[in-house]
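# Inside the fold
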Amino acid sequence: MFCFELTCIFAHQIKRLEKIIGGIQQIGIGVPNNREMFDWYKSHFGTDVKVFDEAAEAPLMIDYTGGEVHSRSAIMALNLQGGGGFEIWQFTSRGTDKPEFEVQLGDTGIFAARVKSKNVAQLFEEIKAKSPDHCSDLLTAPNGDQHFFVTDPNGNYFNVVKGEKWFKDEKKVNGGVSGAM
């Protein structure tokens, strides 16, 4: 969402154009196996609506792909309860390379996608039952809210946090992306 410059009745009330982040449309998740990972994210995070499933060249990613245009396959997955989507993508013109170092909190870039939940403790138990080796402990943030971290089978981090706003009630314990860390 953008805050557009508006012409007001009183010229002295005209304000400068400023960009305001009002939400997150999607977060890209690079994986070597996007079809398998769609199923994993569907099972663990309820992102069960495919907005698209396509293959194409990705010229807008050239700054991140060594100056070369590469082909990729991507699936956009949403959870209808609300929040941003997962753009689950994989290269089709080359292999997927993991970092040559262990990614740690504090490194430059996005460490984890934040996923919102109506009941963090309940989602923790559900994910822990499905993927016990991929969950942190159930933690308490400085503000008193519960949260936890989970990694997908490719080592991508997610931080499950308390969600406040919901688009639709589908009787799921969580929604989609609510931020990034």
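Treat the numbers as computed from the prediction; the structure is a model and nothing was measured. (Residues numbered from 1 in each chain as written. Predicted model: local features only at pLDDT ≥ 70, side-chain atom pairs only at ≥ 80, totals over all residues. Heavy atoms only, no water.)

As a further point, take the sheet that holds strand E9 (residues 174–180). Read across the open sheet, the 5 strands follow the order E6-E7-E8-E5-E9; overall the sheet is mixed. Both edges of this open sheet fall to strand E6 (139–140) and E9, since each of them pairs with a single strand only. Looking at chain direction, strand E5 (residues 112–117) and strand E8 (residues 157–162) are connected through 6 bridges and run parallel. Its bridge partner lying in E8, Arg114 is registered against Asn159. Against the sheet, helix H2 (residues 120–130) contacts E5, strand E7 (146–151), E8 and E9, and its axis sits at roughly 25° relative to E7. (Pairing = 2+ DSSP bridges. Helix = DSSP H or I, 4+ residues; strand = E, 2+ residues; numbered from the N terminus. Contact = heavy atoms within 4.5 Å. Axes fitted to C-alpha atoms, helices over the stretch in contact; angles between N-to-C directions.)

Once that is clear, we can look at the confidence of the model for the chain. Mean pLDDT over the chain: 87, with 88% of residues reaching 70 or higher. Across residues 1–14, where pLDDT falls below 50, the model places 15 contacts with residues more than four positions away in sequence or in other chains. (pLDDT = per-residue confidence, 0-100.)

Turning to H2, a few remarks are in order. Along H2, the residues classified as buried are Val120, Leu123, Phe124 and Ile127. Down the axis of H2, the buried side of the element spans an arc of 105°, and every buried residue falls inside it. Of the residues in H2, the exposed ones pointing more than 90 degrees away from the buried face are Glu125 and Ala129. In this fold, the buried residues of H2 make contact with helix H1 (34–45), E5, E7, E8 and E9. (Buried < 20%, exposed > 50% of the residue type's maximum accessible area, 1.4 Å probe, protein only. Arc of directions from axis to C-beta.)

Moving on, we come to the sheet that holds strand E1 (residues 26–30). Taken together, the 4 strands give an open sheet; going across it, the order is E1-E4-E3-E2, and neighbouring strands pair in mixed fashion. Edge positions in the sheet fall to E1 and strand E2 (49–57), since each of these pairs with one other strand and no more. Taking the axes of each pair of neighbouring strands and ignoring which way they run, one obtains an average angle of 20° across the sheet. One ladder, built from 5 bridges, connects E1 with strand E4 (residues 85–91); its direction is parallel. Its bridge partner lying in E4, Ile29 is registered against Ile88.

Attention now moves to the nonpolar core. Formed by 25 residues in total, the largest nonpolar core has its most connected members in Tyr41, Phe45, Phe86, Ile88, Phe148, Val150 and Phe158. Elements supplying a minimum of two residues to this core: E1, H1, strand E3 (71–78), E4, E5, H2, E7 and E8. When residues in this core are grouped by element, the largest group, 5 residues, is from H1. Among residues more than four places away in sequence, those in contact with Phe158 are Ile29, Tyr41, Phe45, Phe86, Ala112, Ala113, Val115, Phe148, Phe149, Val150 and Asp152. (Core = buried A, V, L, I, M, F, W, Y, C linked by side-chain atoms within 4.5 Å.)

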